[in-house]
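Descriptive analysis of the structure
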Amino acid sequence: MAKVSVIVPCYNVGKYIKNCLESLLNQQLKDLEIISVNDHSTDSTLSILKEYEKDYPHKIKTINLTTETGCSAARNRGLKEANGEFIGFVDGDDMVSLNMYIDFYYLAKQYNVSVVSGEIEQVNEEFKQLVTNVNQEKHLYCLSKNKHKLIFETPSCCHRLFKHELLKGIQFLNGKKYEDVAFTFPVLLKVDKQLKINENCYFYRTNSNGIMANTMKPNYQILDIIDDLKEIRRLLIEWQLFNNYKDTLNDIEVKFILATACYILNWPLKEQERKEILKLYFSICNYFNSTIFVNNNDYIKEIVQNLKGYIPDSLYSDDELILRQKLQKMCISK
C-alpha cells in the first residue's frame, strides 16, 4: 500500500500534463502512487501519459476511458483503482508544490487527522517553476472545532489530502458542474479532526475555457449547484449527522445559492431579462431552501446586499420541474 494515491483526471491537457506529472514525480514524499485517468482526450494527452507510464511503471498507472465521461466519472474511476492510505486529487493542467504531500501526510499522521489542506494559488498558463518549502515553519489551524468557519472554505478537493477510509461510500456526482461541492463539504462536516496549512501548495492554472468562464454567460447548468447541495443533505441524513450540523449546512447552502446568483448578475443580458431569470432562479432555490434571505450570518448578509434590487417581492408557486424548464428555455434563447 502506498502512503498516498494521487488521482489525475485528464482531458485534452497535452500542453500541460508533463508539468503536472513532473510536479508529482519530484515530490519529497517518494511512496506515492499516481493514477492518471485519460477522459477520451483528442489531443496528445494519452500518448504522453503512456510514455510516462512506460518510464515509471512502478509509480504511474494510466487508465484510458474510451468515451468522454467528465471529470467526476474520471475521478470516481481513479478512486476505484487507488490503494493509498491517503488520497489526493490533482487536475491534469495544474501542479503542486514539491513538499505538498510530504507535509500533508506526516501532519496527518502526527496529529491523527483525516483531512489536511493548504492554500490554492492561481497562476497563468506559462507558470512552470516550482519550489519546495519543506524546511519552513508551518502555520497550522484546526477547523474541526469551528465547523461554522467552513462557509469560508473553497469546495476544491485538489488542495487537500483525505484518509482513504473516510471516502468509502462517497463519489463525485456525474454530469454536474461544481462537482467538488457535493464531495468535499460532506467530508469536511463528517470528520472529527482536520488541519489547514497557511501556505500556497496547489497551483491552479487559469484558462479561458474553464468552469469560471462558463459562468459568465447564460447557462441553465447553474442549477447543478442545487443538486450538489441536495447531495450533501442526503449524505448527512444517511450518516445521521444532519441535525448536528443543520445550521452550518444552511449557511453553506445559502452561500452557494447567492454566489451563483452573483454570476447571473454578470451575464450579458438586458436588465429586464436579468431580473426575470433571477426571479426564476430564486423561485427554484426557494423550493430547496426557504431561508435564503433571512440568514443571520454577516457574510451572507453582505452577499444579499449586493443582490438588492434583484430579489423578487414574491416567488413563483409553480412546480420545481416547471420552473427549471422555464429557466432552461430562457437561457437557451439568449
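The structure this text deals with has already been given above.
So, a few notes on the structure that sits alongside this text. (Residues numbered from 1 in each chain as written. Predicted model: local features only at pLDDT ≥ 70, side-chain atom pairs only at ≥ 80, totals over all residues. Heavy atoms only, no water.)

Looking at the overall build of the protein chain
For clarity, the threshold we go by: A run of H or I in DSSP counts as a helix once it spans at least four residues, and a run of E counts as a strand once it spans at least two, with each numbered from the N terminus. Burial classes: relative accessible area under 20% of the type maximum marks a residue as buried, over 50% as exposed, and values in between as partly exposed (1.4 Å probe, protein chains only). All accessible-area figures derive from a Shrake-Rupley calculation using a 1.4 Å probe, and residue coverage is judged against the displayed protein chains alone. When charges are counted, Lys and Arg contribute as positive and Asp and Glu as negative, whereas His and the chain ends are disregarded. In this description, the location of a charge corresponds to atom NZ of lysine, CZ of arginine, CG of aspartate or CD of glutamate.
Looking only at helices and strands, the protein chain has eleven helices and nine strands in total. Among the 334 residues that make up the protein chain, the fraction classed as buried is 54%. Surface exposure of the protein chain reaches about 15,700 Å², of which carbon and sulfur atoms provide 46%. Of the side-chain charges in the protein chain, 42 are positive and 43 negative, and the distance between the mean point of each set is 2 Å.

So, the pattern of salt bridges
As a reminder, the rule being used: Within this document, salt bridges are pairs made up of a side-chain nitrogen of Lys or Arg and a carboxyl oxygen of Asp or Glu, the two lying within 4 Å of each other.
One pass over the full model with this rule turns up 21 salt bridges. With a closest N to O distance of 2.5 Å, R75 and D180 form a salt bridge. Pair noted here: R75 is in helix α3 (residues 71-81) and D180 is in helix α5 (residues 179-190), with a separation of 105 residues, a long-range link. When its relative accessible area of 1% is taken as the criterion, R75 is described as buried. Judged by its relative accessible area of 12%, D180 falls in the buried class. A salt bridge links E153 to K196, with the shortest nitrogen-to-oxygen separation between them at 3.0 Å. Taken together, the residues span a long stretch of sequence, with E153 in the loop between β7 (140-142) and β8 (160-163) and K196 in strand β9 (residues 194-205) at a distance of 43 residues. You can call K196 buried: its relative accessible area is 6%. Several salt bridges converge on common partners, so that one network encompasses K176, D224, D227, K230, E320 and R324.

Regarding helix α7 (residues 224-238)
We count it as follows: To estimate the expected span of a helix, subtract one from its residue number and multiply by 1.5 Å. Pairs of residues are marked as contacts when any of their non-hydrogen atoms sit within 4.5 Å.
In a regular helix each residue adds 1.5 Å, so 15 residues correspond to 21 Å; α7 covers 21 Å between its end C-alpha atoms and thus fits that length. Listed in full, the buried residues belonging to α7 are D224, I225, I226, D227, D228, L229, E231, I232, L235 and L236. Where α7 is buried, its residues touch α5, α8 (246-265), α9 (271-288) and α11 (320-332). Q240 lies just past α7 and shows a positive phi near 60°.

Here we look at the pairing of strand β6 (residues 115-123)
Put simply, the rule is: One requirement defines pairing of two strands: DSSP has to find at least two bridges between them.
Sheet analysis places β6 next to β8, joined by three bridges and oriented antiparallel. Considered in β8, the bridge of V115 is made with F162. The pairing of β6 with β9 spans eight bridges and is parallel. Among the inter-strand pairings, E121 is bridged to a residue of β9, identified as F203.

Overview of the packing of aromatic side chains
To keep things clear, this is the line we draw: Ring pairs are drawn from Phe, Tyr and Trp, using the six-membered ring of Trp, whenever the two centres fall within 6.5 Å, and their geometry is named by plane angle: stacked under 30 degrees, edge-to-face over 60, tilted for the rest. Comment: the charge-over-ring label is applied if NZ (Lys) or CZ (Arg) is within 6 Å of the ring centre and within 35 degrees of the ring normal.
Under the definition given, this model contains twelve aromatic pairs. Ring centres of Y52 and Y56 lie 6.2 Å apart, and the angle between their planes is 20°; on these two criteria the pair is classed as stacked. Centroid distance F152 to Y299: 5.2 Å. Interplanar angle 65°. Geometry classified as edge-to-face. Taken together, the positions of F152 in the loop between β7 and β8 and Y299 in helix α10 (residues 298-306) put the pair 147 residues apart, joining distant regions of the chain. Given the relative accessible area of 53%, F152 is considered exposed. Classification of Y299 by relative accessible area gives partly exposed; the value is 32%. Here the aromatic residues F89, F162, F172 and F183 are joined through ring pairs into a cluster of three or more. Positioned above the aromatic ring of F172, the side-chain terminus of R75 is 4.9 Å from the ring centre. Between the NZ or CZ atom of K190 and the centre of the ring of W239, over which it lies, the distance is 4.4 Å.

Description of empty space enclosed by the protein
To keep it simple, the criterion reads: Only protein atoms enter the 1 Å grid used here, on which a cavity is any set of points holding a 1.4 Å probe that cannot leave and a pocket is any open set flanked by protein within 12 Å on both sides along at least five of seven lines; residues with an atom within 4 Å of a point are listed as lining. Grid points are joined across faces, edges and corners, and a volume is the space filled by probe spheres set on the points. When residues are sorted by character, Ala, Val, Leu, Ile, Met, Phe, Trp, Tyr, Cys and Pro go into the nonpolar class, Asp, Glu, Lys and Arg into the charged class, and all the rest, Gly among them, into the polar class.
Summed over the entire model, instances satisfying the criterion amount to one cavity of 30 Å³ or more. Approximately 40 Å³ is the volume attributed to the largest cavity. Around the largest cavity sit S97, N99, M100, D103, F104, I197, E199 and C201, which together line it. Contributing elements (two or more residues each) for the lining of the largest cavity: α4 (100-111) and β9. Counted by class, the lining of the largest cavity contains four nonpolar, two polar and two charged residues.

Shape is all these values report; function is a separate question.
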